[in-house]
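The chain contents come next:
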Amino acid sequence: MIEKIQSLMERRQELSEAIAQPEVIQDFPRYQRCLKELSSLEPIAQHYEKLQSVEKHIEDARELLSDPDLAAEADQELRILSSERDTLLDELKLMLVPPDPLDSRNVIMEIRAGVGGDEAALFAGDLLRMYLKYADRNGLTASILSLSDTDLGGVNEALLMISGPNAFARMKFESGVHCVKRVPVTESGGRIHTSTVTVAVFPEAEEVEIAIDPADLRIDVYHASGHGGQGVNTTDSAVRITHMPSGLVVTCQDERSQLENKAKALRVLRSRLLDKARQAQEDAHAADRKSQIGWGERSDRIRTYYFNHDYVVDHRLGLTVNRTANVMNGELTPFIDALRLAEKTEKLTAQ
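First, a word on what this report is: a plain description of the structure on this page. (Residues numbered from 1 in each chain as written. Predicted model: local features only at pLDDT ≥ 70, side-chain atom pairs only at ≥ 80, totals over all residues. Heavy atoms only, no water.)

1. Thoughts on the layout of surface pockets
In step 1: Considered as a void within the structure, the largest pocket measures approximately 950 Å³ in volume.
In step 2: As for the largest pocket, its lining consists of 25 residues, and the residues nearest its centre are S40, M95, V97, P98 and P99.
In step 3: Looking at the lining of the largest pocket, the elements that each hand over two or more residues are α1 (2-18), α3 (28-64), α4 (71-95) and α9 (333-350).
In step 4: The class makeup of the residues in the lining of the largest pocket is 13 nonpolar, three polar and nine charged. (1 Å grid on protein atoms, 1.4 Å probe; cavity = no way out; pocket = protein on both sides within 12 Å on 5 of 7 lines; lining within 4 Å. Points joined across faces, edges and corners; volume = space filled by probe spheres on them. Helix = DSSP H or I, 4+ residues; strand = E, 2+ residues; numbered from the N terminus. Nonpolar A, V, L, I, M, F, W, Y, C, P; charged D, E, K, R; others polar.)

And the structure:
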C-alpha cells in the first residue's frame, strides 16, 4: 500500500509542476484535467503526511522508553500514537479504493406511493420534501420534473433531478422500499399503520451512451396539471414519451415550454435505459454473490421510519438514528456516510 501511495505522491508532484508550465496553462482542457486530478490526490496526500508525522512521533517515543523517568509517559503516548496510526492506515486503504465512475453523475430520482393508500401518498410527499431539504443543505440542486399529487397533499408519483458534486455517490443507496410506521392523519382510532414508498435512483446518462431511435418513440402532449400558475392548464406544454421497445414511459411537465419538457423527458428516458442496462450487467456479475449492502433493489426494504418511537432504522447496516423529525428535515448524512463507507470497505475486501 505504501508503494502505491508513494507512486501517487510522485504523480502529485508531476502535476504540481505541470500546472505551472506556460504550455499547460494555455491548453485549458489539459490544465483543467491536471487540476482535477491534482485535487483528487490532495486528501490522500494530507492523510499520508499525517501518517508520516505520527510515525516520526512513534520513533521518538520509543527512544524515550529506555529513560526510567519518562518510560511510563512514553508508553502511554505510544499507545495513543499507535491507535492513531492504525486509524490513518485504515482510512488510507479506503481512500485508495477506485471510485465508481458513475459517482460524479447527476441523479434522476423516482418516488412512488406503495402499499397504504392515502397514508402511503402522504409519506411519499414527506420523502420528496426530505430529499429536497437534503439537497439544499448539502450544496446540491434539486428540481421536480413531474409531480402527481393528491387532494390530501400527498404524492402518488414524483420525478426529480438532483445535480451537483458526487450527486449519484450520495444518493444511490436511497433506492429501495421505504417503510413508515405511524398513526396517519386519516386514522380516527389512533392505530399505527404501516405504509411503503418505493424510491428509484439512477445516474443521468450521457447522450452518447444511449442512442434512441426516434421511430421507437411515441410522444404525447397535454395540459399540465397541478399547481404552477395561470399557464398550467391553458397550453399543451406537458410531454409524455413512451419508448415502445422497452415499454418505459416518461412524463415531464415542470417547464412551461413543450420543447424544454421534451428535452428533459428524453434525458430521463436515456437515464432509465442506462440504469436498466447497468442493472442487467450487475445481475450477471453478481449471480453467485450477493453484495452486503447492494444497490438498493427496488424490492428490498431498506429503511423504516418509526414515528411513534422517534427513530429511523436502516436495515442494510442495522444503523439506528434517533429523532425522526431531523431525518425528515433532510439530515440523511449519518446514513449516507455509513453506506458509502460500507461500499468502500466491501470493495477493498473484494480486491
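2. Observations regarding the nonpolar core
In step 1: Core analysis: the largest hydrophobic core is formed by 32 residues, its most contacted members being M109, I111, L127, Y131 and Y305.
In step 2: Elements represented by at least two residues in this core include exactly β1 (107-113), α5 (117-137), β3 (155-163), α6 (167-171), β5 (193-203), α8 (324-328) and α9.
In step 3: With sequence-adjacent residues up to four places away left out, Y305 is seen in contact with F123, L127, M130, H178, C179, V180, K181, Y311, V312, V327 and M328.
In step 4: Counting residues in hydrophobic clusters, the runner-up holds 22 residues, among them A18, I19, I44 and I58. (Core = buried A, V, L, I, M, F, W, Y, C linked by side-chain atoms within 4.5 Å. Buried < 20%, exposed > 50% of the residue type's maximum accessible area, 1.4 Å probe, protein only. Contact = heavy atoms within 4.5 Å.)

3. Points about α5
In step 1: Taking 1.5 Å as the rise per residue, α5 with 21 residues should run 30 Å; its terminal C-alpha atoms sit 31 Å apart, in good agreement.
In step 2: G139 lies just past α5 and shows a positive phi near 70°. (Expected span 1.5 Å × (residues − 1).)

4. A closer look at the sheet that holds strand β8 (residues 248-252)
In step 1: Strand order in the open sheet made by the three strands is β6-β7-β8, with antiparallel pairing throughout. A strand with exactly one partner marks an edge of an open sheet, and here the two such strands are β6 (217-222) and β8. Put simply, the sheet's adjacent strands are angled 15° from each other on average, direction ignored.
In step 2: Two strands pair when backbone bridges link them, and strand β7 (residues 238-243) and β8 are joined in this way by five bridges, in the antiparallel orientation. (Pairing = 2+ DSSP bridges. Axes fitted to C-alpha atoms, helices over the stretch in contact; angles between N-to-C directions.)

5. Things to note about the packing of aromatic side chains
In step 1: Applying the stated criterion across every chain yields a total of two aromatic pairs.
In step 2: Centre to centre, the rings of F123 and Y305 are 5.2 Å apart; their planes meet at 70°, and the pair counts as edge-to-face. Taken together, the residues F123 in helix α5 and Y305 in strand β9 (residues 301-306) connect sequence positions 182 residues apart.
In step 3: With a relative accessible area of 0%, F123 lands in the buried category.
In step 4: Where Y306 meets Y311, the ring centres are 4.9 Å apart and the plane angle is 35°; that geometry is what we call tilted.
In step 5: Positioned over the ring face of F307 is R182, at 4.7 Å from the centre of the ring.
In step 6: We note R303 situated over the ring of F335; from NZ or CZ to the ring centre the distance is 4.5 Å. (Phe/Tyr/Trp six-rings, centres within 6.5 Å; stacked < 30°, edge-to-face > 60°. Lys NZ or Arg CZ within 6 Å of the ring centre and 35° of its normal.)

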